[in-house]
Amino acid sequence: MLKYGGEYTIKLPREEVWKFITDPHKVVPCVPDLIESNIEGDNRFQVIVKVGIGPVRGKFKLECELSPIEPGAVMAMLIKGGGMGSGVEMNAEVKLSDTDDGTLLKWECEGAISGPIASLGGRLIDNQAKKIIQQVFENLEKAFASV
Amino acid sequence: MGKSIARKEDPRFLRGKGRYVDDVILPNMLYMAILRSPYAHARIRRIDTSAALAAPGVKLVLTGEDLAKMNLAWMPTLNGDQQMVLAVDKVLFQYQEVAAVVAETRAQAEDALQLIEVDYEPLPVVVDPFKALEPDAPILREDREKKSNHIWHWESGDREETENVFRDAPVVVKQDVRFQRVHPSPLEPCGCVADYNTVTGRLTFYVTSQAPHVHRTVIAMLSGIPEHQIRVISPDIGGGFGNKVGVYPGYVIAIAASVKLGVPVKWIETRTENIASTSFARDFHMTCEIAAREDGKVLGLRVKTIADHGAFDAAANPTKFPAGLFNIVTGSYDFKAAFVEVDAVYTNKAPGGVAYRCSFRVTEAAYLIERTMDVLAQRLKIDPAELRFRNFIRKDQFPYKSPTGWVYDSGDYEKTLKLALERIGYDELRKEQAEKRARGEFMGIGISTFTEIVGGGPKNTFDILGIKMFDSAEIRIHPTGKVIARLGVRHQGQGHETTFAQIIAEELGLSADDVLIEEGDTDTAPYGLGTYASRSTPTAGAAAALCARRIREKARKIAAHLLEVGEDDVVWDGTAFSAKGLPGKSVTMKDVAFAAYTDVPEGVEPGLEATYYYDPPNLTFPHGAYIAVVDIDKGTGAVKVRRFLAVDDCGNVINPMIVEGQVHGGLTEGFAIAFMQDIPYDSNGNCLAPNWMDYLVPTALDTPHWETDRTVTPSPHHPIGAKGVGESPNVGSPAAFVNAVVDALSPLGVEHIDMPLYPWKIWEILREHGINE
């Protein structure tokens, strides 16, 4: 089981951050190494992304579902899919809270990887995952800046 | 015999002129690739093969449902279970076969695999065999009547008597010992070419097989193709070590594909497929107890074992005991009583436990007893060599009946250990160790005095699918005195072409150069049960010798005719026939051979050939005394094997160089198991070492220098007194290595460390004791 988490302060009011992160049209462009995307509805989208972990390189097809748990404050995000004979399943939870100068975004993510990526790239996954997460936030930061 | 003649097979191997399965190229041949499960446990909701079928070059895509229509979705295993060929409904281990693509090129087949869409619903994964036995564990095998992950329980020895011995014993030691999951990892992975002729109905099947005849029978029983219409050819094989005994799903799928398409289909495994899906070995969780007197004399032995068999009970195990020969666990020692029990368990791991260069769980047993004897020695503060001398089965006790029922044929354990101690300079080494210990250095000496059990086997205890495990030889002498001999075994590098030629040449008074050995083609070779469990020399070697003797009996009749004397007056002196009392008048086998086709006496059938099927009266019991000397680097935990001496006793030796080569190879494998090899799984059932990046194979640089020596205690029941040696070094050496490392660390109170002895493990122990802070 992989576990990641972190927090991040955004200089925007909570409602605006909430609107942003629950809108697939806004979230999808922040996905790094995006090849193709397909927004299916208000809370579901599919993406195809480029992946390279150790000796395994190729495309991942992921299905994402955003579901509010506590409107304006807590959201769950389910990511499922895979590629190159490997499977990925991630469960993330995002929590928003007010701070003096904006919004604090806290996230936690639990995931499981199966297949050659887990067995061949096992030792490399951690760094790669951290890199991807960092990229997601860099992209989010840019996107928030233009809100 | 007893001479190190150069191996007849080596010129073709050394010059790259061997012919392996992947070298077989047939007209119109297609290539197959297999899609494997990324999940260790998941329900299959849907498989969509349409995109793969439309891909360039693709001729066929097969799923479990397609095979079900051909009645090939499941196959029987060698342990009375059944195994999925291509997954139906659900997958049970990572890398399990889910679908197969046949295309014009291998690359096209592999590319098309990516286009198959499988909708999996992950299920809870069970990787720990102890957890698999808990009442709330998910049931893995829904196809089985028994709704439990427990496969079978097996026991041997006398429970009550053993309990009594333990109750009254002054000393009892108890040790948990794990023999990790390892893999034979032959240089050449498995593979096959299935060539079904739709007109004649004949299947020619080239396969990496240690047992081609058995594969033929299994294919006939499974596919419905009549056995006389199946020809199995096992060409040159790049190592087997047990990995090439089983029937794998890939073989069945390739045959099904060839039958469907009417053209040859080739399937060659990748390294990852080989390690992650074909026949692991060991994976035993053992608890051993020894009851003894204060002076170290052992009294009783009690062993409890959990065997992790993975998703299907596909252990190669042609004995009537589900845990094979694990009941050799009393080893070289004279125990009054013993009781051993094994429980096999299903988990979400690859199936197919093979013996891996050992006769069906002897390695686990030998490791266990040799390790625990050292635990006892350490506890009682008795030198481990001395403890062994006090407990050996004595030379005059043979034939010796062990407390678990086996009758050891012969042995002289004391002599072998004495020779080993002398040659290594044991007393000086112990002195050196004491000096080093005083200086805070870590040096260890490890002894293993194991007994092997080889030569499967006698028909009352060994069979494959009911076929008794005899072995066979057929010898034909041509008119000019040249010989072709065919055997039912199949070598994978062991040097049969030389060894058997030497046996036959010796029996017939010819030169080994005159004898051609052929194996591996079921159309020509007599029925045999294959090469594994060190059975080639004990069974086929015996068949070859007895077959040659049968020819000699006929030759005597012809010789009498040529010598113009009565048959009873003909004497064979090992090189020629001569007439009793008529010196100077003799005929050689070559003369007899020519006469057999040109000048046979009245009433004698022309030709000079014979066939012999040999069913051994008992197994053979080679033994050895191995000593490892190690130094441990305090800073890094790295272990340097400074010296390693293997003294083997495998009875009479046919070709000493070949025996030594086998010992070197087996020791290198034992070294790898002790120090670097393991197939671990994470909690999701991901196999974490499915390649040679993570599953380490020692190179010449890693491998220690091996010293070897020999004692000779012939087998009393074998026609040439030979016992078999191929597995001994792999069976006997892991304990010697671990005993040496534990001995080095014993001043810290260390009594046991589980293999593999990675440097970090040793380093952590040293750090715990404040050694390398």
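On a predicted model such as this, the values are computed, not experimentally measured, just so you know. Sequence order sets the numbering: in each chain, residues are counted from 1 along the sequence as written. Here every chain gets a letter starting at A, and every ligand a number starting at 1, in the order they are written. This being a predicted model, a pLDDT of at least 70 is required before a residue's local features are given, and a value of 80 or more before pairs of side-chain atoms are given or counted; all residues contribute to the totals for chains, interfaces and linings. Each side-chain value is derived from all of the structure's non-hydrogen atoms; neither hydrogens nor water enter the calculation.

**Topic: the overall build of chain B**
Then, in step 1: Strands are runs of DSSP state E lasting at least 2 residues, helices are runs of H or I lasting at least 4, and numbering of each runs from the N terminus. Within chain B, the regular secondary structure consists of 19 helices and 32 strands.
Then, in step 2: Computed over the C-alpha atoms, the radius of gyration of chain B is 27 Å, within 12% of the 28 Å expected from 2.2 N^0.38 for a compact globule of 773 residues.
Then, in step 3: The principal-axis extent of the C-alpha atoms belonging to chain B is close to 85 × 70 × 50 Å.
Then, in step 4: In this scheme, a residue with accessible area under 20% of its type's maximum is buried, one over 50% is exposed, and one in between is partly exposed, where area comes from a 1.4 Å probe on protein chains only. Put simply, chain B has 773 residues, and 65% of those count as buried. Both definitions apply: the radius of gyration is a C-alpha atom measure, and the globule rule equals 2.2 Å times residues to the power 0.38.

**What to know about a nonpolar patch on the surface**
Residue and element names in this part refer to chain B.
Then, in step 1: Residues enter a patch when their relative accessible area is above 30% and they make no salt bridge; the linking distance is 9 Å between like charges and 5 Å between nonpolar side chains (Val, Leu, Ile, Met, Phe, Trp, Tyr). All accessible areas in this document rest on Shrake-Rupley with a 1.4 Å probe, and a residue is counted as covered only by the protein chains that are shown. In the sections that follow, a salt bridge refers to a side-chain nitrogen of Lys or Arg positioned within 4 Å of a carboxyl oxygen of Asp or Glu. Taken together, Leu187, Trp692 and Val697 make up a surface patch of nonpolar side chains, about 290 Å² in accessible area.
Then, in step 2: By secondary structure assignment, the location of Trp692 is in the loop between helix H17 (656-675) and strand S32 (707-710).
Then, in step 3: By relative accessible area, Trp692 is classed as partly exposed at 32%.

**Structural notes on the interface of chain A and chain B**
Then, in step 1: With 17 residues of chain A in contact, the opposing surface of chain B contributes 16 residues.
Then, in step 2: Carbon and sulfur atoms make up 43% of the surface buried where chain A meets chain B, a total of about 1,200 Å² over both sides.
Then, in step 3: Across the contact surface, chain A and chain B share 0 salt bridges.
Then, in step 4: In the analysis that follows, any N or O atom pair within 3.5 Å is treated as a polar contact, provided that within protein one partner can donate a hydrogen and the other can accept it, and provided that, for residues neighboring in sequence, both atoms belong to side chains. The tally of links between chain A and chain B comes to 4 residue pairs in polar contact (both at pLDDT 80 or more).
Then, in step 5: Of all the elements in the fold, those that place two or more residues in the side of chain A that touches chain B are strand S6 (86-99), strand S7 (102-114) and helix H3 (116-120) of chain A.
Then, in step 6: Any residue that is not Ala, Val, Leu, Ile, Met, Phe, Trp, Tyr, Cys, Pro, Asp, Glu, Lys or Arg is counted as polar, Gly included; the first ten are nonpolar and the last four charged. Grouping the constituent residues of the side of chain A that touches chain B by class yields 8 nonpolar, 6 polar and 3 charged. By definition, residues are in contact when any of their heavy atoms lie within 4.5 Å. Take the accessible area each of two parts loses on contact, using a 1.4 Å probe, and add the two losses: that sum is the buried area.

**Brief notes about the sheet that holds strand S16 (residues 298-310) of chain B**
Consider a sheet: its strands pair through backbone hydrogen bonds, and that pairing is either parallel or antiparallel.
All names here are of chain B.
Then, in step 1: With mixed pairing, the 5 strands of this open sheet are ordered in space as S9-S17-S16-S15-S10. Since the sheet does not close on itself, it has two edges, and those belong to strand S9 (150-157) and strand S10 (171-182), each with one partner. Each strand axis lies, on average, 10 degrees off the axis of its neighbour in the sheet, ignoring direction.
Then, in step 2: Two elements, S10 and strand S15 (residues 281-292), share 11 bridges in a ladder whose sense is antiparallel. Bridge pairing in S15 places Lys174 opposite Glu289.
Then, in step 3: Against the sheet, helix H6 (residues 159-168) touches S9, S10, S15, S16 and strand S17 (337-346), its axis set at about 125 degrees to S16.
Then, in step 4: Angular values range over 0 to 180 degrees, each being the angle between N-to-C directions of two axes fitted as lines to C-alpha atoms, with helices fitted over their stretch in contact. Where helix H10 (residues 362-380) meets the sheet, its contacts fall on S10, S15 and S16, and the angle it forms with S10 comes to roughly 145 degrees. At least two bridges found by DSSP between two strands is the condition for calling them paired.

**Considerations on the sheet that holds strand S20 (residues 442-448) of chain B**
Residue and element names in this part refer to chain B.
Then, in step 1: Spatially, the 4 strands line up as an open sheet ordered S20-S30-S31-S32, and their pairing is mixed. The open sheet has two edge strands, S20 and S32, and neither has a second partner. Averaged over all adjacent pairs, the angle separating strand axes in this sheet is 10 degrees, with direction ignored.
Then, in step 2: Pairing analysis gives 10 bridges linking strand S30 (residues 623-632) to strand S31 (residues 639-649), with the strands arranged antiparallel. Bridging from a neighbouring strand, Gly624 pairs with Asp648 of S31.

**What to know about the environment of Lys3 of chain B**
Residue and element names in this part refer to chain B.
Then, in step 1: Here Lys3 shows up in the segment before helix H1 (10-14).
Then, in step 2: Taking the C-alpha atoms as reference points, Lys3 and Ile658, 655 residues apart in sequence, are found 9.8 Å from one another.
Then, in step 3: When residues no more than four places from it in sequence are discounted, the contact partners of Lys3 are Gln502, Ile654, Asn655 and Pro656.

**Points about the environment of Gly466 of chain B**
Then, in step 1: Position of Gly466 of chain B relative to the elements: it lies in the loop between strand S21 (463-464) and strand S22 (467-468).
Then, in step 2: Sequence separation between Gly466 of chain B and Arg439 of chain B is 27 residues; the distance between their C-alpha atoms is 61 Å.

**Some details on helix H16 (residues 589-598) of chain B**
Then, in step 1: Listed as buried for H16 of chain B are Met589, Val592, Ala593, Ala595 and Ala596 of chain B. All buried residues of H16 of chain B project into a common sector of 165 degrees when viewed along the axis, lining one side. Regarding the arc, it is the one traced by the directions from the helix axis to the C-beta atoms.

**Quick notes on the pairing of strand S14 (residues 265-268) of chain B**
Residues and elements named next belong to chain B.
Then, in step 1: Burial along S14 is two-sided: the residues Val265 and Trp267 and Lys266 and Ile268 are all buried.
Then, in step 2: When strand S1 (residues 30-36) meets S14, the two strands line up parallel, connected through 2 bridges. The residue bridging Leu30 from the neighbouring strand is Val265, located in S14.
Then, in step 3: Note: strand S11 (residues 191-196) against S14, 4 bridges, orientation antiparallel. The partner of Ala194 across the bridge, within S14, is Val265.

**Comments concerning the packing of helix H15 (residues 536-563) of chain B against H16 of chain B**
The description of two packed helices rests on the angle between their axes and on the distance between the axes.
Residue and element names in this part refer to chain B.
Then, in step 1: At a minimum axis separation of 9 Å, H15 and H16 run at an interaxial angle of 85 degrees. On the basis of their axis angle, the class for H15 and H16 is roughly perpendicular. Contacts between H15 and H16 involve Arg552, Ala555, Ile558, Ala559 and Leu562 on the former and, on the latter, Met589, Asp591, Val592, Ala595 and Ala596. Working rule for angles: under 35 degrees goes down as roughly parallel, over 145 as roughly antiparallel, 65 to 115 as roughly perpendicular, anything else as oblique.

**Structural notes on the nonpolar core**
Residue and element names in this part refer to chain B.
Then, in step 1: Within the largest apolar cluster, 204 residues are counted, with the highest numbers of intra-cluster contacts made by Phe205, Ile290, Phe326, Phe644 and Leu745.
Then, in step 2: With 11 residues, H10 is the largest single contributor of residues to this core.
Then, in step 3: Residues in contact with Leu745, not counting those within four places in the same chain, are Phe442, Ile632, Val750, Ile753, Ile762, Ile765 and Leu766. Nine residue types can take part in a nonpolar core, namely buried Ala, Val, Leu, Ile, Met, Phe, Trp, Tyr and Cys, and a core is a set of them joined through side-chain atoms within 4.5 Å.

**Considerations on the pattern of salt bridges**
Oppositely charged side chains can pair when the atoms bearing their charge come close.
Residue and element names in this part refer to chain B.
Then, in step 1: The final tally for this structure, using the stated rule, is 67 salt bridges over all chains.
Then, in step 2: When the shortest N-O distance is used, the salt bridge between Arg556 and Glu553 registers 3.8 Å. Pair noted here: Arg556 and Glu553 are both in helix H15, with a separation of 3 residues, about one helical turn.
Then, in step 3: Where Asp631 meets Arg642, a salt bridge forms, and the shortest distance between an N and an O atom there is 2.9 Å. Of this pair, Asp631 sits in strand S30 while Arg642 sits in strand S31, and the two are 11 residues apart along the sequence.
Then, in step 4: Residue Arg642 is classed as partly exposed on the basis of its relative accessible area, which comes to 29%.

**Details of unusual backbone geometry**
Residues and elements named next belong to chain B.
Then, in step 1: Residue Phe398 is joined to Pro399 through a cis peptide bond whose omega torsion reads -10 degrees.
Then, in step 2: Here Pro399 shows up in the loop between helix H11 (384-391) and strand S18 (400-401).
Then, in step 3: In the segment running from Met755 into Pro756, the intervening peptide bond is cis, with an omega of -10 degrees.
Then, in step 4: Mapped onto the elements, Pro756 comes out in the loop between helix H18 (728-745) and helix H19 (759-768).
Then, in step 5: Even without being a glycine, Phe241 presents a positive backbone phi close to 55 degrees.
Then, in step 6: Relative to the assigned elements, Phe241 resides in the loop between strand S13 (230-233) and helix H8 (249-261).
Then, in step 7: Residue classification places Phe241 among the partly exposed positions, given a relative accessible area of 26%.
Then, in step 8: The residue Ser534 is not glycine, and still its phi comes out positive at about 50 degrees.
Then, in step 9: Mapped onto the elements, Ser534 comes out in the loop between strand S25 (515-519) and H15.

Any functional reading would require information that these geometric values do not contain.
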